[in-house]
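Spelled out from the first residue to the last, the chains are:
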Amino acid sequence: MSRSTVETEPGGEPPPPGDDHAFFGQPRGLLTLSGLEVWERFSFLGMQAILVLYFADTVAHGGMGMSSGTAASVSAAYGTLVYLVSVAGGWLADRMLGSYRAVLWGGILIACGHYSMAVPTATMTWVGLGLISAGTGLLKPNVATMVGKLYRTDDDRRDAGFALYYMAINIGAFAGPLITGWLGDHRGWHWGFSAAAVGMTFGLIQYVMGRRHLAGRKRAAEFALAPDAMRRAVLLIVLGILAAGVLGALLALVGYLTMDRFVDLLTLISVIAPVVYFVVMFKSPRVTDAERGRLRPYIVLFLASTVFNFILFQAYSTMMLLAASNAETTILGYDFPASWYASALGAFEVALAPVVAALWVRMGHRQPHASNKIAIGVVLGGLSFVLMVLPTSGHSSDDYLMSAWWIVGSYFLLGLGDILLETSGMSATTKLAPAAFSSQTMSLWFLSLALANGIQAQTVKLYDDVSKPAYFGVNGAIAVAAGLAVMALAPWLRRTMHPVH
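The rules we used
Residues numbered from 1 in each chain as written. Predicted model: local features only at pLDDT ≥ 70, side-chain atom pairs only at ≥ 80, totals over all residues. Heavy atoms only, no water. Helix = DSSP H or I, 4+ residues; strand = E, 2+ residues; numbered from the N terminus. Buried < 20%, exposed > 50% of the residue type's maximum accessible area, 1.4 Å probe, protein only. Contact = heavy atoms within 4.5 Å. Areas by Shrake-Rupley, 256 points an atom, 1.4 Å probe, with all protein chains shown as cover. 1 Å grid on protein atoms, 1.4 Å probe; cavity = no way out; pocket = protein on both sides within 12 Å on 5 of 7 lines; lining within 4 Å. Points joined across faces, edges and corners; volume = space filled by probe spheres on them. Nonpolar A, V, L, I, M, F, W, Y, C, P; charged D, E, K, R; others polar. Phe/Tyr/Trp six-rings, centres within 6.5 Å; stacked < 30°, edge-to-face > 60°. Lys NZ or Arg CZ within 6 Å of the ring centre and 35° of its normal. pLDDT = per-residue confidence, 0-100. Axes fitted to C-alpha atoms, helices over the stretch in contact; angles between N-to-C directions. Left-handed = near helix turned anticlockwise from the far one by under 90°. Salt bridge = Lys/Arg side-chain N within 4 Å of Asp/Glu carboxyl O. Core = buried A, V, L, I, M, F, W, Y, C linked by side-chain atoms within 4.5 Å. Patch = residues over 30% accessible without salt bridge, like charges linked within 9 Å, V, L, I, M, F, W, Y side chains within 5 Å. Polar contact = N/O pair within 3.5 Å; in protein donor to acceptor, adjacent residues only side chain to side chain. Expected span 1.5 Å × (residues − 1). Bend = angle between axes of the 7 residues up to and from the residue.

**Student:** Help me out: how do you make sense of the overall build of the protein chain in this one?
**Tutor:** Within the protein chain, the secondary structure is distributed over 17 helices and 2 strands. The 501 residues of the protein chain split such that 56% are buried. Counting only contacts in the protein chain whose residues sit at least 6 apart along the sequence, the fraction spanning at least 24 positions is 83%. Surface summary for the protein chain: the accessible area is close to 20,000 Å², and the carbon and sulfur share equals 69%.

**Student:** What am I meant to see in empty space enclosed by the protein here?
**Tutor:** Using a probe with the size of a water molecule, rolled over the atoms, empty space left in the structure can be pinpointed. All told, the structure shown has 4 cavities of 30 Å³ or more when counted by the stated rule. Considering only enclosed or pocket space, the largest cavity measures out at about 310 Å³ in volume. Lining of the largest cavity is provided by 23 residues; of these, Arg41, Tyr83, Tyr166, Leu312 and Asp418 occupy positions nearest its centre. For the lining of the largest cavity, the secondary-structure elements that each account for two or more residues are helix 1 (29–56), helix 5 (158–186), helix 9 (289–312), helix 11 (341–363), helix 14 (404–432) and helix 15 (438–459). Grouping the constituent residues of the lining of the largest cavity by class yields 14 nonpolar, 4 polar and 5 charged.

**Student:** How should I be thinking about the packing of aromatic side chains in this particular structure?
**Tutor:** Here the distance between the centres and the angle between the planes together describe a pair of aromatic rings. Using the criterion set out here, one finds 15 aromatic pairs in the structure. Note on Tyr83 and Phe313: the rings are 5.9 Å apart at their centroids and 25° apart in plane angle, and the pair reads as stacked. One end of the pair, Tyr83, is in helix 2 (residues 68–97); the other, Phe313, is in the loop between helix 9 and helix 10 (318–326), with 230 residues separating them in the sequence. Taken individually, Tyr83 and Phe313 each receive the classification buried, so the pair is uniform in this respect. An aromatic cluster is built from Tyr54, Phe55, Trp126 and Phe193, whose rings are joined through pairwise contacts. Against the face of Trp191 rests Arg187, its NZ or CZ located 4.4 Å from the ring centre. Over the face of the ring belonging to Tyr463 we find Lys468, whose NZ or CZ atom lies 4.6 Å from the ring centre.

**Student:** How should the confidence of the model for the protein chain be read in this particular structure?
**Tutor:** Where the model shows low pLDDT, its predicted coordinates should not be examined in detail. On average, residues of the protein chain score 81 in pLDDT, and 89% of them reach the 70 mark or higher. Per-element mean pLDDT across the protein chain ranges from 78 in strand 1 (residues 330–331) up to 93 in helix 16 (residues 468–488). Below a pLDDT of 50 lies the segment residues 1–12, which in the model reaches 19 contacts outside its immediate sequence neighbourhood of four places, other chains included.

**Student:** Teacher, can you tell me more about the packing of helix 1 against helix 10 here?
**Tutor:** Axis angle and axis distance: for two packed helices, these are the angle between their axes and the distance between the axes, and together they describe the pair. Between helix 1 and helix 10, whose axes approach to 9 Å, the crossing angle comes to 65°. Regarding helix 1 and helix 10, the two cross each other, and that crossing is right-handed. Contacts between helix 1 and helix 10 involve Ala49, Val52, Leu53 and Ala56 from the former and Met320, Leu321 and Ala324 from the latter. Here the residues of the contact of helix 1 with helix 10 sort into 7 nonpolar, no polar and no charged.

**Student:** Explanation requested: the pattern of salt bridges in the structure shown.
**Tutor:** Pairing is possible between side chains that carry opposite charge, provided their charged atoms lie close to one another. One pass over the full model with this rule turns up 4 salt bridges. The salt bridge partner of Lys461 is Asp264, with a shortest N-O separation of 3.2 Å. Residue Lys461 is located in the loop between helix 15 and helix 16, and its partner Asp264 is located in helix 8 (residues 259–283); the two are separated by 197 residues in the primary sequence. Classification of Asp264 as partly exposed rests on a relative accessible area of 35%.

**Student:** Would you take a moment to explain the nonpolar core for this structure?
**Tutor:** Proteins that are soluble and globular tend to have nonpolar side chains buried together. If you look at the biggest cluster of nonpolar residues, it comprises 95 residues, and the most contacted ones within it are Met47, Phe55, Tyr341, Ile407 and Tyr411. When neighbours within four sequence positions are excluded, Tyr341 is seen to be in contact with Ala323, Ala327, Glu328, Thr329, Phe336, Ala404, Ile407, Val408 and Tyr411. Listed in part, the 32 residues of the second largest apolar core include Leu30, Ala111, Met146 and Leu204.

**Student:** Could you clarify how one ought to interpret a nonpolar patch on the surface in this entry?
**Tutor:** A surface patch of nonpolar side chains, amounting to about 800 Å² of accessible area, comprises Trp126, Met259, Phe262, Leu265, Leu268, Ile269, Val271, Ile272, Val276 and Val280. Note that Leu265 resides in helix 8.

**Student:** Explanation requested: the layout of surface pockets in the structure shown.
**Tutor:** Estimates place the volume of the largest pocket at around 1,500 Å³. Together, 41 residues line the largest pocket, and Leu81, Gly130, Ala244, Gly245 and Phe262 are the ones closest to its centre. Mapped onto the lining of the largest pocket, the elements with two or more residues apiece are helix 2, helix 4 (122–148), helix 7 (227–253) and helix 8. Ranked by the residues each element gives to the lining of the largest pocket, the list is headed by helix 7, at 12 residues. Among the residues forming the lining of the largest pocket, the class breakdown is 32 nonpolar, 8 polar and 1 charged.

**Student:** What should I look at first to understand the side chain of His190 in this one?
**Tutor:** Looking at the element boundaries, His190 is found in helix 6 (residues 189–209). In this structure His190 comes out as buried when scored by relative accessible area, which is 13%. At 2.7 Å, the side chain of His190 forms a polar contact with the backbone oxygen of Met117. When residues no more than four places from it in sequence are discounted, the contact partners of His190 are Tyr54, Met117, Ala118, Val119, Pro120, Thr121 and Thr125.

**Student:** It is not clear to me how the packing of helix 1 against helix 3 (residues 99–117) should be interpreted in this structure. Could you clarify?
**Tutor:** Between helix 1 and helix 3, whose axes approach to 12 Å, the crossing angle comes to 35°. The crossing of helix 1 and helix 3 is left-handed. Together, Leu36, Glu40, Ser43, Phe44, Met47 and Leu51 of helix 1 and Val103, Ile110, His114 and Met117 of helix 3 make up the contact between the two elements. Per-class residue counts for the contact of helix 1 with helix 3 are 7 nonpolar, 2 polar and 1 charged.

**Student:** What exactly am I supposed to notice about helix 9 here?
**Tutor:** Helical geometry: 3.6 residues make up each α-helical turn, so side chains three or four residues apart lie on a common side. Across its 24 residues, helix 9 extends 35 Å between first and last C-alpha, which sits within 8% of the 34 Å expected from 1.5 Å per residue. Of all bends in helix 9, the biggest is about 30°, found at Pro297.

**Student:** What should I look at first to understand the environment of Leu131 in this one?
**Tutor:** Structurally, Leu131 can be placed in helix 4. A relative accessible area of 26% means that Leu131 is categorised as partly exposed. A C-alpha to C-alpha distance of 9.2 Å links Leu131 and Gly106, two positions 25 residues apart in sequence. With near-sequence residues (within four places) excluded, Leu131 lies in contact with Leu109, Ile110, Cys112, Gly113 and Ser116.

**Student:** For this particular structure, what's the right way to read the environment of Ile205?
**Tutor:** One can find Ile205 in helix 6. Each C-alpha atom of the pair Ile205 and Leu36 lies 8.7 Å from the other, and the pair is 169 residues apart in sequence.

Written as structure tokens, this is what we have:
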């Protein structure tokens, strides 16, 4: 292709040259973005691994004194809020900040949130969770979009690049719980939150230092608002935040806005938001007929992601509670905190991601269609829960201890499923996205995570009320059935998802 006909991004900026193979055969900008995600996931999942245990621990031991079901529900509600805010993060990047600055400011808010949680008071815990929610909403959808901008649409390295990116994410997912879990178990929960704060600070430093290798790093938003509209938008955003804060405080003071009602509200929003978002994109005059046609199969991918992540996120809630109460915390004679089980998930994904990436590169155009990769991922996620029926069955009381290998095996299935689904899902999203909604369509993918958390926030309330075999068996069976349904739709998906292969 001649230089005069080179592809350009929606904002008019050409993607990096196709011969950039500086990072394991991938563009060197992937190293910068992967490095950021190592530390962001170190901080986020390191904190997530101990959050539900902190909520469920007694006040005398430095916790919040919640029941197991309530702790899991509140933890899931926090996850719901994180991914709901990603919609605003995508819009702010597209219309006001640009991807680079959105990610930068998101990282700053995340770091401030973790530093707030390091202060040992309940008030600062809630303040910190709010800041982390806002920051993650800015960072997550936009950093994934920036990875997509490193490649042309027809670049066969794209799926492999996302697999390496996801491996980097899981290096942080592996290391975070090891550090925060040990500190939380031996020094106190807020020491663990402090480690998460330091990790995010390191991530910001390397992101700024490597910015010259990033596509789409220009200061202007790709679809910036006109100056008058920009001023109105800023004013409305500030007033909206202030109004929501004042209203929430007043409702809490009079006793109407309880924790249970807040969780229910977030679940309701997580259901409504993606419906509204799909309708807006389908009706937008800036979306072409061809782009609208590619959004239809995307709905199937969205629902598949929701089902899988409903299982995945419970690795940090119900599975963590099960590990703390009913699993051995000794392997090969070595004792470890229960929160270290979360590191097993990251370890498997670190080990398996390069294998998957190499397999896709070797197969080239012969690799399975993205929809089949996603379907297999959903089935594996369901099987990870079905497996837990075996060690939780046949006990006359709840004081039994299962072998650590049961949970490790469950996390192996979950980790492999996560690699297949998330890398293919994020990669497909960057290909199927309408040009005028590039960052926001990635936000729509993260809304599937919000919906998964919103549903989880309700179902985990049953964790204390039903038997463990029934809880894990029913949820796992539903996920397996959903994965098989996506496989059945494979012929239609292959026809309608072009240029995704």
